[in-house]
Amino acid sequence: MSLPTAGIELSIEHSVATLRLHNPRQYNALTRQMCQQLIEHIARCSEDADVAVLVLTGAGEHFCAGIAIDRMDEVLFDGPDGVVNHFDAVDRALRDCPKPVIALVRGTCYGGAWQLASACDIQLACEDVRLAITPAKIGLLFPRRGLERLVNTVGQSRARFLLFSGLRLEVEQIAAWGLFTEVLPARDLDERVAKLVQQLAANSPYALRRSKQAMNLLECAEDSDSPEFWQRVWAENGTNPDLAEGRAAFEQKRRPDFRPWSASVQ
């Protein structure tokens, strides 16, 4: 099926949903339509019991060039009052997806693209990645969630350097500063992704879902639900069926057969 000029391609195979950004004219930069499609696809995959892991990547040789500059107003400042931010909505959708999301990053990763990747749970980047955080070059404030995540990832001083300068980093700096989970040679990337996806799909949906919820609470300093969450979850933790199956499998020296995502807790 041919894609429009800009859109999102969704494919599902062997419990893995792959979301491909497709906007070749602008290095896969995001439009409003692409943001809306991403949100719809993430919601669909969240509910699909046959999907265990999501992979977000770019079509062709590039990951993403951030927000399409000729569509910036409708992406970031939409609505009659200019306060509807579709990019923030994509960030929330990735963060709130109950299933693990892997960003697979090749080539261009400019502007808001790093925030997009960082909203995923794990980022695997190719050593050909070209990264720069460039909003200062066009007079734009980096979105709050991306700014907070950048400071948490690299620290205040390096975050200021990246945001203030907009300079492109060398791959050695990208790896040393921990801007992605791993930076790998091109020859190793696909195999690494395949093995990681296989391992994630084999693990407990209960543990993955609850771990993601807990870490999201840690990320949001303003969130007041953390004590209630831990009290409620710890009460169920010791009696959840996945733990019983995991312990039985360990004792019997076999692979655990966890409940499918459809039967996992909300």
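The preceding data block contains the structure.
Remember, predicted model here, so these are calculated numbers, not experimental data.

J.: How should the overall build of the protein chain be read in this particular structure?
T.: Helix and strand content of the protein chain: 11 helices and 8 strands. Scaling as 2.2 N^0.38, a compact globule of 266 residues should have a C-alpha radius of gyration of about 18 Å, and the protein chain matches this with 19 Å. Along the first, second and third principal axes, the C-alpha set of the protein chain runs to 60 × 40 × 40 Å. Long-range pairs, those at least 24 residues apart, make up 67% of the contacts in the protein chain between residues at least 6 apart in sequence. With the model as given, the accessible surface of the protein chain reaches about 13,900 Å², and the carbon-plus-sulfur share is 52%.

J.: What is the right way to look at the sheet that holds strand β3 (residues 53–58) in this model?
T.: Two orientations exist for strands paired in a sheet by backbone hydrogen bonds: parallel and antiparallel. In space, the 6 strands of this open sheet follow the order β1-β2-β3-β4-β6-β8, with mixed pairing throughout. Every other strand in the sheet has two partners, leaving β1 (7–13) and β8 (182–184) as the edge strands with one partner each. In this sheet, adjacent strand axes meet at a mean angle of 20° when their direction is disregarded.

J.: Honestly, the side chain of Arg 149 in this entry has me stumped. Any pointers?
T.: Counting through the fold element by element, Arg 149 comes out in helix α5 (residues 144–154). Within the structure, the side chain of Arg 149 is placed 3.0 Å from the side chain of Asp 91, a separation counted as a polar contact. Polar contacts involving the side chain of Arg 149 include one to the side chain of Ser 118, which spans 3.1 Å. For Arg 149, the residues in contact, after removing those within four places along its chain, are Asp 91, Trp 114, Gln 115, Ser 118, Ala 119 and Glu 219.

J.: Please clarify how the nonpolar core should be interpreted in this entry.
T.: The nonpolar side chains of a soluble globular protein tend to be buried, and buried together. The biggest cluster of nonpolar side chains holds 50 residues, and the ones touching the most others in it are Leu 30, Leu 116, Leu 179 and Phe 180. At 5 residues, the largest contribution of residues to this core is made by helix α1 (residues 32–47). Filtering out sequence-adjacent residues up to four positions away, Leu 179 remains in contact with Trp 114, Gln 123, Leu 131, Leu 150, Thr 153, Val 154, Leu 162, Leu 169 and Ile 174.

J.: Help me understand the pairing of β1, please; the structure alone is not making it clear to me.
T.: Successive side chains on a regular strand alternate, one facing one side of the sheet and the next facing the other. In terms of strand pairing, β1 meets strand β2 (residues 16–22) through 7 bridges, oriented antiparallel. Residue pairing across strands places Glu 9 opposite Arg 20, the latter belonging to β2. Taking the residues between adjacent antiparallel strands as the criterion, β1 and β2 are bridged by 2 residues, where His 14 takes a positive phi near 50°.

Scoring rules and cut-offs
Residue numbering note: each chain is counted from 1, following its sequence as written. Residues qualify for local features only when their pLDDT is at least 70, as the model is predicted, and side-chain atom pairs are given and counted only at 80 or more; totals for whole chains, interfaces and linings, by contrast, use all residues. To obtain the side-chain values, all non-hydrogen atoms of the structure were used and water was disregarded. Strands are runs of DSSP state E lasting at least two residues, helices are runs of H or I lasting at least four, and both sets are numbered from the N terminus onward. Each radius of gyration is computed over the set of C-alpha atoms, and the globule rule expresses the reference value as 2.2 Å times the number of residues to the power 0.38. The contact criterion used is simple: two residues touch if any of their non-hydrogen atoms lie within 4.5 Å. Note on areas: Shrake-Rupley, 1.4 Å probe, and residue coverage restricted to the protein chains presented here. One requirement defines pairing of two strands: DSSP has to find at least two bridges between them. Helix axes are fitted to C-alpha atoms over the stretch in contact, other axes to C-alpha atoms as well, and angles between N-to-C directions run from 0 to 180 degrees. Think of a polar contact as two N or O atoms within 3.5 Å of one another; within protein, one of them needs to be a possible hydrogen donor and the other a possible acceptor, and neighboring residues in sequence only count if both atoms come from side chains. For the purposes of this section, nonpolar cores are sets of buried Ala, Val, Leu, Ile, Met, Phe, Trp, Tyr and Cys residues that join through side-chain atoms within 4.5 Å. Note on exposure labels: buried denotes an accessible area under 20% of the residue type's maximum, exposed denotes more than 50%, and partly exposed covers the range between, all computed with a 1.4 Å probe on protein chains only.

Functional significance is not addressed by these values, which are geometric in nature.
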